[in-house]
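# Reading the structure
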Amino acid sequence: MPEFRLIHTSDLHLGRRFSNFPEEIRGRLVETRHSAIAKLADVARAHNAEHILVAGDLFDTETPSEPVWRQAVAAMGKDVNIHWWIIPGNHDSLAAESLWNRFRVQAPETVHLIDAGEPIEIAGEVSLLPAPLPRRFPGKDLTDWMRECPTPDANIRIGLAHGGVVSFGSEDDGQEIIPLDRSSTAGLDYLALGDWHGVKKIGERTYYSGTPERDRFKHAGRGCCLAVTISGPRAVPEVQVVETGRFDWAETEIHLTPEQDPGTALQAVMPGSAGDRRDILMKLNASGWTRLPEREALSRAIEHVRHEFGYFEYVETALQTEIETDDLDEIAQGGALRLAADALYADAENEMALAGERAIAAAALRRLYGFARRQEQ
């Protein structure tokens, strides 16, 4: 038989609202998730693949808006030479009967909603063994039936499932966990998994594809899919990671010491150039020790560069500040401001006070210092 090619993807989470992000980036993130459908089709054409397997969580909820699911169906049906094979995941399980009933009616013949755990011959001598989720917490391993499922000896066997291969202490006590050796025990040539949002190889025949568009800093970089080539039954698949994401989720650390120039240290960890940063979402975690003037200089440097990025988050809770009495002179030599600075300094240095109270006082002193320095400038 000729080799079989497919594109493995999952966790598109169409309709996610990104409500915890600022309004100016939120709309771009929402729209880019929809654009991932066209990008996946482009990848399929580039790799001569006629089949895209979606391993769950096509939608972010069981109640996406009508424009979200209708436009998704239309985008997937645009190329009549590409078949989409979709199983519901934990976010959009089959319990969403209203959604999937309307989806079936609207879907063209190349867009296949799979609602039962039974083999499907998706191409000549290729059997797909799917495990759609009937509800958010199914309470059992939905791939178990694959072990006893017969298919023709000449057929390639491909599993499609959504869920974890390790327990995270969920309330089902591990009953839903997909065994690490499922591809072996079920005689699968390839097991396409969804749920983990980054690319992850479990074994030579088992992979998580990750999401085509990242949605959190937990998985750095741009979203991906997998281009899979299977030369025949029992052949080890060739798996290629293909970048599909528009947004680059970049999380990095900056560790400071009192001797460092904060502006130079910041530039050393900033990704890309100014012209490339609109599509970079940045999370900067600061740690170490610095003096009050240098910390204020770092804040100014961040303020100067942050607007070049699509999104910029600065986390400074692990950065300690060394405060000297000379720094208080830069706030004020006397008067009410100096009295306030002295009081805050005393509270921040009071070893008898609670750690939280000291941190609040130190933060207030940094703000007062920054305010005074900006007023001078």
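For the structure given in this document, a descriptive report is provided here. Everything numeric in this text was worked out from a predicted model, so none of it was measured.

The next thing to look at is the pattern of salt bridges. By the definition in use, this model includes 22 salt bridges. It is possible to trace a salt-bridge network through shared partners that takes in Asp141, Asp144, Arg147, Glu148 and Arg182.

Let us now look at the pairing of strand β8 (residues 190-194). The element β8 is largely enclosed, with a buried count of five among its five residues. With burial as the criterion, each face of β8 is covered, one bearing Tyr190, Ala192 and Gly194 and the other bearing Leu191 and Leu193. Bridge count for strand β7 (residues 156-162) against β8 is five bridges, and the pairing is parallel. Note on β8: the bridge partner recorded for Ile158 is Tyr190. Taken together, the three bridges between β8 and strand β10 (residues 206-208) define a ladder with parallel strand orientation. Residue pairing for β10: Leu191 is matched across the bridge by Thr206.

Attention shifts here to the environment of Glu294. With respect to the helices and strands, the residue Glu294 is situated in helix α6 (residues 292-305). Here the alpha-carbon distance between Glu294 and Thr257, two residues 37 residues apart in the chain, equals 9.7 Å. Apart from the residues within four sequence positions on either side, Glu294 is in contact with Gln260 and Pro262.

In this section: the pairing of strand β15 (residues 311-322). Sheet topology places strand β14 (residues 280-291) next to β15; 10 bridges connect them, and they run parallel. Looking at the pairing, Arg291 lines up with Glu322 of β15. Taken together, β14, α6 and β15 constitute a β-α-β crossover, and its handedness is right-handed.

The next subject is the sheet that holds strand β5 (residues 120-123). The strand order across the open sheet built from six strands is β5-β6-β7-β8-β10-β9, with neighbouring strands paired in mixed fashion. Of all the strands in the sheet, just β5 and β9 (200-203) have a single pairing partner and so form its edges. The mean angle between the axes of side-by-side strands here comes to 25°, regardless of whether they run parallel or antiparallel. When β9 meets β10, the two strands line up antiparallel, connected through three bridges. Directly across from Gly203, in β10, lies its bridge partner Thr206.

Conventions and cut-offs
- Residues numbered from 1 in each chain as written.
- Predicted model: local features only at pLDDT ≥ 70, side-chain atom pairs only at ≥ 80, totals over all residues.
- Heavy atoms only, no water.
- Salt bridge = Lys/Arg side-chain N within 4 Å of Asp/Glu carboxyl O.
- Buried < 20%, exposed > 50% of the residue type's maximum accessible area, 1.4 Å probe, protein only.
- Helix = DSSP H or I, 4+ residues; strand = E, 2+ residues; numbered from the N terminus.
- Pairing = 2+ DSSP bridges.
- Contact = heavy atoms within 4.5 Å.
- Right-handed = clockwise from strand over helix to strand, strands pointing away.
- Axes fitted to C-alpha atoms, helices over the stretch in contact; angles between N-to-C directions.

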